[in-house]
There are 2 protein chains.
Amino acid sequence: MIKYPKYLEDLIESFKCLPGVGRKTAERYAFSVLNDLSNIDVEEFINNLDNVKNNIHHCKNCGNLTTNDICDICQDEKRNHRQIMVVEQPKDVFIIENLNEYNGIYNVLNGSIKFAKGISIDDLNIEPLLEKAKANLIDEVILACNATLEGETTAKYIKELLSDYKDIKISRLAYGMPVGGDIEYVDELTLLRALEGRNKY
Amino acid sequence: MIKYPKYLEDLIESFKCLPGVGRKTAERYAFSVLNDLSNIDVEEFINNLDNVKNNIHHCKNCGNLTTNDICDICQDEKRNHRQIMVVEQPKDVFIIENLNEYNGIYNVLNGSIKFAKGISIDDLNIEPLLEKAKANLIDEVILACNATLEGETTAKYIKELLSDYKDIKISRLAYGMPVGGDIEYVDELTLLRALEGRNKY
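Reference entry: report on the structure contained in this document. (Residues numbered from 1 in each chain as written. Chains lettered and ligands numbered in written order. Predicted model: local features only at pLDDT ≥ 70, side-chain atom pairs only at ≥ 80, totals over all residues. Heavy atoms only, no water.)

Listed per partner, the contact involves 44 residues of chain B and 44 residues of chain A. For the pairing of chain B and chain A, the buried interface totals around 4700 Å² over both sides, and the portion due to carbon and sulfur atoms is 74%. When the buried surface of chain B facing chain A is broken down by residue, Tyr7, Leu49 and Lys53 of chain B rank first, second and third, together holding 16% of it. Counting every contact that joins chain B to chain A gives two salt bridges. Between Lys91 of chain A and Glu27 of chain B there is a salt bridge whose closest N-O contact spans 3.6 Å. The tally of links between chain B and chain A comes to eleven residue pairs in polar contact (both at pLDDT 80 or more). Take the side of chain B that touches chain A: its biggest share by element is twelve residues, from helix H3 (residues 39–55) of chain B. Classifying every residue of the side of chain B that touches chain A by side-chain character gives 26 nonpolar, ten polar and eight charged. (Contact = heavy atoms within 4.5 Å. Buried area = accessible area lost by both parts, 1.4 Å probe. Salt bridge = Lys/Arg side-chain N within 4 Å of Asp/Glu carboxyl O. Polar contact = N/O pair within 3.5 Å; in protein donor to acceptor, adjacent residues only side chain to side chain. Helix = DSSP H or I, 4+ residues; strand = E, 2+ residues; numbered from the N terminus. Nonpolar A, V, L, I, M, F, W, Y, C, P; charged D, E, K, R; others polar.)

This next bit is on the nonpolar core. Counting residues in hydrophobic clusters, the biggest one holds 44 residues, and the most contacted among them are Phe15 of chain A together with Phe15 of chain B. Elements with a contribution of two residues or more to this core: helix H1 (6–16), helix H2 (23–35) and helix H3 (39–55) of chain A together with helix H1 (6–16), helix H2 (23–35) and H3 of chain B. Here Phe15 of chain A is in contact with Val21, Ala26, Tyr29, Ala30 and Val33 of chain A together with Leu18 and Phe45 of chain B, once residues within four sequence places are set aside. (Core = buried A, V, L, I, M, F, W, Y, C linked by side-chain atoms within 4.5 Å. Buried < 20%, exposed > 50% of the residue type's maximum accessible area, 1.4 Å probe, protein only.)

Residue and element names in this part refer to chain B. The alternating pattern of strand E5 (residues 140–143) places Glu140 and Ile142 and Val141 and Leu143 on opposite faces, both of which are buried. Bridging between strand E3 (residues 80–87) and E5 involves four bridges; their strand directions are parallel. Considered in E5, the bridge of Met85 is made with Ile142. When E5 meets strand E6 (residues 169–172), the two strands line up parallel, connected through four bridges. In the sheet register, Leu143 faces E6, and the bridge partner there is Arg172. You can see the chain leave E5, run along helix H7 (residues 149–161) and come back into E6, and the turn it takes is right-handed. (Pairing = 2+ DSSP bridges. Right-handed = clockwise from strand over helix to strand, strands pointing away.)

This part covers H2 of chain A. End to end, H2 of chain A covers 18 Å across 13 residues, agreeing with the expected 18 Å (1.5 Å per residue, within 8%). Within H2 of chain A, the full set of buried residues consists of Arg23, Ala26, Glu27, Tyr29, Ala30, Phe31, Ser32, Val33 and Leu34 of chain A. Residues of H2 of chain A that are buried in the fold lie against H1 and H3 of chain A together with H2, H3, strand E2 (65–66) and helix H5 (90–97) of chain B. (Expected span 1.5 Å × (residues − 1).)

Two faces make up the sheet, and in a regular strand the side chains alternate between them. Residues and elements named next belong to chain A. Relative to strand E4 (residues 104–108), strand E3 (residues 80–87) runs parallel, the two sharing five bridges. For Val86, the partnering residue across the bridge sits in E4 and is Asn107. Between the parallel elements E3 and E4, the chain passes through helix H5 (residues 90–97) in a crossover that is right-handed.

Our next topic: unusual backbone geometry. Residue and element names in this part refer to chain A. Of note in this structure, Asn100 is not a glycine but carries a positive phi near 55 degrees. Tracing the backbone through its elements, the reader meets Asn100 in the loop between H5 and E4. In this structure Asn100 comes out as exposed when scored by relative accessible area, which is 71%. In this structure, Asn136 takes a positive phi of about 60 degrees despite not being glycine. Relative to the helices and strands, Asn136 is located in the loop between helix H6 (127–134) and strand E5 (140–143).

The next subject is the relation of the copies chain B and chain A. Rotating chain B by 180 degrees about the axis while translating it 0.0 Å along that axis superimposes it on chain A, leaving an RMSD of 0.1 Å. Here the copies are linked by what is in effect a two-fold axis. Closest approach to the rotation axis within chain B is made by the C-alpha atom of Ile46 of chain B, at a distance of 2.7 Å. (Least-squares fit on C-alpha atoms with pLDDT ≥ 70 in both.)

Sheets are built from strands paired through backbone hydrogen bonds, the pairs being either parallel or antiparallel. Residue and element names in this part refer to chain B. Pairing is parallel in the open sheet, where four strands are placed in the order E4-E3-E5-E6. Each of the sheet's edge strands pairs with one partner strand only, and the pair in question is strand E4 (104–108) and E6. Across the sheet, the mean angle separating the axes of adjacent strands is 25 degrees when strand polarity is ignored. In the packing of H5 onto the sheet, the strands contacted are E3 and E4, and the crossing angle to E4 comes to about 160 degrees. (Axes fitted to C-alpha atoms, helices over the stretch in contact; angles between N-to-C directions.)

Below, the structure written as structure tokens:
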């Protein structure tokens, strides 16, 4: 392995912290910072890193990303605060918001149960949801965890935790064929779920 | 396209300045900075960016990367300063140095002639070489440009520029079969060059 000047090596190491970035790619990025980016670009890069790390927090109410204590969605009084969608990641909130369809609020778990990695329900942001349930502040919980094994496990756990609150309607995003999907190319498990969840036509 | 909070969007834009990084990858990097990197990691990242941009310069003598005015290689009196290897990029210097074989100094062009992009010989770091030639400070110039069209063109130009100095021996890295290479898999042009450059055995 070729050793570059210390400063360059340090930057290569930093780039290697990013997901999927190995030595070669990190070298390419570091040389690009050196050769192609202007001083202004790099200054902005530095500011942006700093801002993301120091000025973005999790909303105290729902766990979503925000620059304030409480996020814009939780502060919005026009939304239905008795309908709560449970998602795994802040990213999911932006995806749902982009649909312009949902008018409730969120509970962002910031993770999912992963027994193999020792992540249990206690490591997720679930407390705000349970407190609201206890205080009788919820009509409906929509479980919008991923359609993965981890997501399923997490959804089941949350359903279990809420089972004492009989008044809360609990739903789950539907499984089924993707729109525009050809039966030939849909995997068997999805097809099975689509059959189980078939609707009156 | 989903819009994230401004700070996050800004960081995504910064990552998009890196070579080969599109929107999706930039998002992944930005979320990784937010979720996976510790505060110390990010602080180091910021310092490393700053150091590379502000403390690494081109050596005034040869164009190589250095944190001083003159690089370590040019300062080394044990090296043969009358033998100069011309390379395109600082990276090439590190690759050659890694061989532990070459004991001369370098002239780093910091680019190659690219007519299509309007990069001519005047945009390259060639002046120090010509000055040394004029001052009769050179015995040998080794042209170690890349084996590409641009590298070839650049090498030809430099040979031309040095043609008045009859005492300077000019050489070029050999073309030929890669060591361990199978004739079946070597491209025709390389094979032709290997034939032209055949050695007494």
